[in-house]
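A look at the structure
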Amino acid sequence: MKILVASHTYIVDLNCEKLKELSRLRSDIEVIAVVPQRWRPGGVQNKIIESQPKQEGNFSLVPVANFSENNQGLLMFRSQIINLLKKFQPDIIQVEQGAKSLLYAQLIALNKLLGLKAKNVFFTWWNLPYTNKFPISLLEAYNLKNTHGLIAGNQDGADILREHGYQNKTIVMPQLGVDEKLFSPQPQPKLAAKLNIKPDDFIIGFVGRFVPEKGILTLIKALTKLKDLSWKLLLLGRGELKETIQQTATEAGIKDRLIMVESVPHDAVPHYINLMNVLLLPSETTYKFKTLTAAGWKEQFGHVLIEAMACGVAVIGSDSGEIPHVIGDTGLIFPEGNVEALKDCLQKLIKDPELTNKLAQKGRDRAMKLYTNKALAQQQLAFYEKLLSS
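Figured I'd write up the structure that's included with this text. None of the values given here were measured: they were computed from a predicted structure.

Take the sheet that holds strand β11 (residues 149–152) next. What the eight strands build is an open sheet, ordered β5-β6-β2-β1-β9-β10-β11-β12; its pairing is mixed. Looking at strand neighbours, the two that pair on one side only are β5 (54–56) and β12 (169–172), the edges of this open sheet. For this sheet, the mean inter-axis angle between neighbouring strands, taken without regard to orientation, is 20 degrees. As paired strands, β11 and β12 are joined by four bridges and run parallel to one another. Counterpart to A152 in the pairing with β12 is V172.

Set out below in structure tokens:
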């Protein structure tokens, strides 16, 4: 089976692990990840990345000259992609840029023109209703009509595309898995001592951006109602609410329980997660963000949840977006923005170490079964086999 996956996502080597696992599942599987030759991610990495070709067993990373260096929707490849498609002759062409991607339309058209007869697959995270305007409506209609398989990062995304007329096979699974070698239960006595965390401290953790939609102020408000209990709050990240968090904690008299750590390299994140008794993802749906066709944001997956679960750390999440589906019955869920309900969840775990440990083990079992890169590779392969047999 020859699989070609195109996305800017795989310019980051760590993000290629699922595809590498896919290439190892059977000796007859070859995987090529096609990435932009030049890309500017923006944000903290506001620099142009020059992708380099890589080969590892039956997995190859192939940079191809591209149009647009910083817009996912406008990304397209130059003529080099034609020779690559002719030479590789893929059975599966998968584009991970969403339903309205110009790149996906380009590869669908080339699939037809070159007579490759490959199955067209795309991946999407988008999980809020939207209305298309001309000519985007034509672009999406063309893409959906010519799609054999949809991989949606969340159930809402799959449901929305059904409403937009998609009728073929679908699977719901995240784009990237968790590295179980990196994210695993590992005691961190030296780091704990450095942060003045004692062995009997109950550590409540948050990893992510300090922004309103991540619900971090709701978390702070809930903790102000638990001052009579023993706990510390470990916040790992950065963002616009840093000073607000510190001020709110000071006014509530809990600043001495606050441990704030600026963002750290990804391979150091599991060290901090392993200090926690529970990790929180209290995300809140917002309609402040706007695109050309839609408004709003809600949690699309919550990757930090599966990282914590893999580390054997209990999790609490709001009911925003995909969070309840990710956690399943292995953690606690509360209505987003509900301070009292979040307080109750935290109180329950602080007072019941046995329940905390039970949820931690259930979460780890779930992560190992469903969310490792190998587990996702197996799910993706099974989906491809269904497409090729139909």
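If you walk across this open sheet you meet the six strands as β15-β14-β13-β16-β19-β20, and the pairing is parallel. Unpaired on one side and paired on the other, β15 (258–261) and β20 (332–334) mark the two borders of the sheet. Between one strand and the next, the sheet's axes are offset by a mean angle of 20 degrees, whatever the strand orientation. In terms of strand pairing, strand β16 (residues 278–281) meets strand β19 (residues 314–318) through four bridges, oriented parallel. Bridge pairing links L280 to I316 in β19. Packed onto the sheet, helix α10 (residues 303–310) meets β13 (203–209), β16 and β19 and runs at close to 170 degrees relative to β16.

What follows deals with the environment of L235. Along the chain, L235 turns up in strand β14 (residues 232–238). Note: C-alpha distance between L235 and T9 (226 residues apart in sequence) is 27 Å.

Let us now look at the packing of aromatic side chains. Each aromatic ring pair is described using two quantities: the centre-to-centre distance and the angle formed by the ring planes. Applying the stated rule across the entire model yields five aromatic pairs. Taken together, a centroid distance of 5.1 Å and an interplanar angle of 85 degrees make the contact between F123 and W125 edge-to-face. Judged by relative accessible area, which is 23%, W125 ranks as partly exposed. Each ring, one from W125 and one from F301, has its centre 5.9 Å from the other, and the planes form 55 degrees; the classification is tilted. On the criterion of sequence distance, the pair formed by W125 in the loop between β10 (119–124) and α4 (136–145) and F301 in the loop between β18 (295–297) and α10 is long-range, its members being 176 residues apart. Connected via pairs of aromatic rings, a cluster forms that spans F123, W125, F301 and Y371. Here the basic side chain of K100 rests over the ring of Y130, its NZ or CZ set 4.0 Å away from the ring centre.

Conventions used here
Residues numbered from 1 in each chain as written. Predicted model: local features only at pLDDT ≥ 70, side-chain atom pairs only at ≥ 80, totals over all residues. Heavy atoms only, no water. Pairing = 2+ DSSP bridges. Helix = DSSP H or I, 4+ residues; strand = E, 2+ residues; numbered from the N terminus. Axes fitted to C-alpha atoms, helices over the stretch in contact; angles between N-to-C directions. Contact = heavy atoms within 4.5 Å. Phe/Tyr/Trp six-rings, centres within 6.5 Å; stacked < 30°, edge-to-face > 60°. Buried < 20%, exposed > 50% of the residue type's maximum accessible area, 1.4 Å probe, protein only. Lys NZ or Arg CZ within 6 Å of the ring centre and 35° of its normal.

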